[in-house]
Every structure is written in C-alpha cells, then in structure tokens.
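A closer look at the structure
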Amino acid sequence: MKLSIDQLILKAKRCINDDNHFEARQIYLSILEKSPNNKRAKAGLDSLSTKEKSTIPEEKWDFLISSYKKGRLEDVLDRGMLLLETFPTNITLLNLLGSANLSLGYLDEAIDNFQSTIKVNSQYMIGYNNIGVALQNKGDHVNAIKHLQNAVLLSPEYAEAYYNLANSFKKQDDIDAAILNYKKALEIKSDYVEAHNN
C-alpha cells in the first residue's frame, strides 16, 4: 500500500520521536524526490539537521571550532571523523570537515564532505558553493560553474556564490559573464572588497 504525503510526514515525525533520524531523513528525502517543493518535508529536513547538530556535545563542538580557528586542521579532521561515525548526517560537521580538507589541499576529500551535505539536504546552498570552490581549486571550472549556479538558484542573495561564479567564468575567459556576476555580488553586498578588486 502506497502512503500519502501526509502519512509519510507523520511516519517521519514518529521516527524522530523514536530517535531514528536516519529513517526520518530517508522519508523526507523520498518526499522531496517526488515533490521537490514540499514545504513540510523541507522544514522537517531542516529541523532534523538542527536537531542532529544539537545532539553533538557542546564541548566537542567547542574543541572543533577552536581547533579550526587556530589552524589545527588535522585535529579537526581526526576528532571530526570520529564524531562523523556517530553523526553521519550532521551538515554542520560535514561542512566543517570539508572546509578543513579544503584548507589542507585534500580536494577530493573536501568534495566528498560537501557532496554529503547536499545528499543530506538538497537545498543546502553552502554545500553547492563549497563544492564549486573545491572544483575551482582542482582547475575544473566547468563543473564548478554548475555547482555555483545551483547555489545562486537556491539563494539569489548569496553574494559569495556570485563572486565564486565570476571567478570561474573569468578562468574560462567568459569575461562578460564574469563581470555580470561580480556586479551581482556587489549589488547584494556593496562592500565586497574582493569583487571590487576584479
């Protein structure tokens, strides 16, 4: 018997109440696969991501953030990977690991982390932007542009994504598209120094 969307939403909520976050996430994702604009499924997925973030003990988060800010990126990766075993769908953790990998030049690992964020939440524009940046660092501007365009489609006021998009267009010698995207970044954030300098 096929369940209606209302029944699936209720089932996902019951899974959350039973601390079965993985199953709840799968239900929300299946709803969004068939109905990409379903607001209740999007809200449920966002709520689930927030709930998962809050389940990581505060002292562990504090250690990760402090280590990241101090440039102790290998510590972030070591401790973060251990936490990832328990919290495999935590977007904030995945993004932090991706950022640490990116900073260390582990581009394939960074891309894997960022791709995991958008598998968890296909509406996570930061994940698309960060994949774009990692691809830029690999010199793959064609695919970087695709991901960065997804980021600005999901969040039309995302100045950083327009800036990164402009950089890839510039590397592709598409100067008109680069200028257009630098201008868009500046329209959104007039004090965007990097965009001014291009």
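Details of the structure are given in the entry above.
Here is a short report on the structure shown in this document. (Residues numbered from 1 in each chain as written. Predicted model: local features only at pLDDT ≥ 70, side-chain atom pairs only at ≥ 80, totals over all residues. Heavy atoms only, no water.)

1. Remarks on the overall build of the protein
In terms of helices and strands, the protein carries 12 helices and 0 strands. Helices and strands appear in the protein in the N-to-C order α-α-α-α-α-α-α-α-α-α-α-α. For the protein, the spread of C-alpha atoms along the three principal axes comes to 55 × 40 × 30 Å. By residue count, 45% of the 198 residues in the protein fall in the buried class. Long-range pairs, those at least 24 residues apart, make up 45% of the contacts in the protein with a sequence separation of at least 6. Within the structure as shown, the protein displays about 11,000 Å² of accessible surface, and the carbon and sulfur contribution to it stands at 50%. In the protein, which carries 24 positive and 26 negative side-chain charges, the distance between the mean positions of the two groups comes to 5 Å. (Helix = DSSP H or I, 4+ residues; strand = E, 2+ residues; numbered from the N terminus. Buried < 20%, exposed > 50% of the residue type's maximum accessible area, 1.4 Å probe, protein only. Contact = heavy atoms within 4.5 Å. Areas by Shrake-Rupley, 256 points an atom, 1.4 Å probe, with all protein chains shown as cover. Lys, Arg positive; Asp, Glu negative; His and termini not counted. Charge placed at Lys NZ, Arg CZ, Asp CG, Glu CD.)

2. Section: the packing of aromatic side chains
Two aromatic rings, taken as a pair, are described by how far apart their centres are and by the angle between their planes. Here the structure, examined in full by the defined rule, presents 1 aromatic pair. Judged by centre distance (5.9 Å) and plane angle (50 degrees), the ring pair of Y163 and Y182 falls under tilted. Taken as a pair, Y163 in helix α10 (residues 159–171) and Y182 in helix α11 (residues 175–188) lie far apart in primary sequence, 19 residues in all. Each member of the pair, Y163 as well as Y182, is classed as buried. Above the plane of the ring of F63 lies R79, whose end atom (NZ or CZ) is 4.1 Å from the centre. (Phe/Tyr/Trp six-rings, centres within 6.5 Å; stacked < 30°, edge-to-face > 60°. Lys NZ or Arg CZ within 6 Å of the ring centre and 35° of its normal.)

3. Description of unusual backbone geometry
Most peptide bonds take the trans form, and the phi angle of most residues other than glycine is negative. Here the phi dihedral of D173 falls at roughly 65 degrees; this positive angle occurs in a residue that is not glycine. Structurally, the position occupied by D173 is in the loop between α10 and α11. For D173, a relative accessible area of 65% puts it in the exposed group.

4. Here we look at the pattern of salt bridges
Applying the stated criterion across every chain yields a total of 4 salt bridges. A salt bridge links D6 to R40, with the shortest nitrogen-to-oxygen separation between them at 2.5 Å. In this pair, D6 sits in helix α1 (residues 5–17) while R40 sits in helix α3 (residues 39–55), placing the two residues 34 residues apart along the sequence. Look at R40 and you get partly exposed, because its relative accessible area is 43%. Salt-bridge contacts for E187 lead to K184; the nearest nitrogen and oxygen are separated by 3.9 Å. (Salt bridge = Lys/Arg side-chain N within 4 Å of Asp/Glu carboxyl O.)

5. Re helix α8 (residues 125–137)
For α8, with 13 residues, the first-to-last C-alpha span of 19 Å sits near the 18 Å given by 1.5 Å per residue. Within the span of α8, buried status applies to G127, Y128, N129, N130, I131, G132, V133, A134, L135 and Q136. Contacts from the buried residues of α8 go to α6 (91–104), α7 (107–120), α9 (141–154) and α10. One or two positions beyond α8, positive phi appears at G139, with a value near 85 degrees. (Expected span 1.5 Å × (residues − 1).)

6. Description of the nonpolar core
For soluble globular proteins, the rule of thumb is that nonpolar side chains tend to be buried together. Counting residues in hydrophobic clusters, the biggest one holds 47 residues, and the most contacted among them are L64, L93 and L102. Taken together, the elements giving at least two residues each to this core come down to α4 (58–69), α5 (73–86), α6, α7, α8, α9, α10 and α11. By size, the runner-up hydrophobic cluster in this structure holds 13 residues, among which are I16, Y28, L32 and A41. (Core = buried A, V, L, I, M, F, W, Y, C linked by side-chain atoms within 4.5 Å.)

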